[in-house]
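# Coordinate analysis (summary)
The chain contents come next:
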Amino acid sequence: MKLFKPTMVAIALVSVLGCQEAKQEEKAAVLDTEVQKQAYGLGASIGMYMERNLEEHTKMGLSLDKDLIVKGFIESLEGKSQIEKEEIQTLLSNLEQTMRAKQQELAKKEAEASLAEGKKFLEENAKKDGVKVTESGIQYSVITEGSGEKPRATDTVEVHYKGTFLNGETFDSSYDRGQPTVFQLNRVIRGWTEGVQLMSVGSKYKFTIPSELAYGPVGNPPRIPGNSVLEFEIELLNIQKPEQPAQVGDKSE
């Protein structure tokens, strides 16, 4: 059983921590015993969680009065809350709905911006030397051309790759994890399924994949916004063949 579940009510805890800077002098916490450290750690973990929560509120243009948060927190600890529990639950539910609406609005604006940016980028990138464009719209260039066989969509492949946004920021990388990735080729985004089939084992290509062949208008929250054109450097290391069952009468039996 979990000791606590951070909710909107816990906003007060991080506010208490934030207000300590305004006090002239604070007595340092005594952390001599394991139990004392556990108590402090519990408060700190909630505080760190709610710090991120408040940052998200500010990002959405919804700033809460910290003085009122602190007052509500302290008065509730003393059993003197000015608002009944049922009303608090309703207020926090309304706050959560407001945040969700603002998040959806922001996501829509980001998706619209990504669509325009991606269209312009694809038009310019297609003109570069060495860039080829498939019938579906995938753009690619050869970094290293291998001499091995090419995979089929139903094959399981082993690859190293790096995925970046158009601004060059890396959002995923098997190189960073220190080991290649293995997957069945027809169980990933369409741009990968089609693009990797162009490669021979030992090849390394750079792909620019239109959003409709990646994660589309919805994106892949929270990391990839909707309508994102994505770039990948992919190195095809191996095609894993399924083991064939032994045949009756086989000499190896």
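Look above for the structure.
Okay, so let's go over this structure. A quick note: this is a predicted structure, and the numbers were derived from the prediction, not measured. (Residues numbered from 1 in each chain as written. Predicted model: local features only at pLDDT ≥ 70, side-chain atom pairs only at ≥ 80, totals over all residues. Heavy atoms only, no water.)

## Let's talk about the nonpolar core
The biggest cluster of nonpolar side chains holds 23 residues, and the ones touching the most others in it are Val159, Trp192, Phe207, Ile209, Leu230, Phe232 and Ile234. Among the elements that take part in this core, strand S7 (residues 230-240) stands out by supplying 4 residues, more than any other. The contacts of Phe232, once residues within four sequence positions are left out, are Tyr161, Lys162, Gly163, Phe171, Ile189, Trp192, Tyr205, Lys206, Phe207 and Ile209. Met60, Leu92, Leu95 and Met99 belong to the second-largest nonpolar core, a separate cluster that totals 5 residues. (Core = buried A, V, L, I, M, F, W, Y, C linked by side-chain atoms within 4.5 Å. Buried < 20%, exposed > 50% of the residue type's maximum accessible area, 1.4 Å probe, protein only. Helix = DSSP H or I, 4+ residues; strand = E, 2+ residues; numbered from the N terminus. Contact = heavy atoms within 4.5 Å.)

## Digging into the environment of Met99
Along the polypeptide, Met99 turns up in helix H4 (residues 85-125). Among the residues examined, Met99 registers a relative accessible area of 7% and is labelled buried. Sequence separation between Met99 and His57 is 42 residues, and the spatial gap between their C-alpha atoms is 7.3 Å.

## Some words on unusual backbone geometry
The residue Asn227 is not glycine, and still its phi comes out positive at about 65°. Tracing the backbone shows Asn227 in the loop between strand S6 (204-209) and S7.

## Re helix H3 (residues 66-77)
Helix length check: H3, at 12 residues, gives a terminal C-alpha distance of 17 Å against a target of 16 Å (1.5 Å per residue), a fit within 8%. All of the buried residues in H3 are Ile69, Val70 and Glu75. Residue Gly79 follows H3 closely and has a positive phi angle near 75°. (Expected span 1.5 Å × (residues − 1).)

## Notes on the pairing of strand S4 (residues 170-173)
Bridge count for strand S3 (residues 156-164) against S4 is 3 bridges, and the pairing is antiparallel. If you follow Gly163 over to S4, its bridge partner there is Asp172. Between S3 and the antiparallel strand that follows it, S4, lie 5 residues; Gly168 among them carries a positive phi value of about 90°. (Pairing = 2+ DSSP bridges.)

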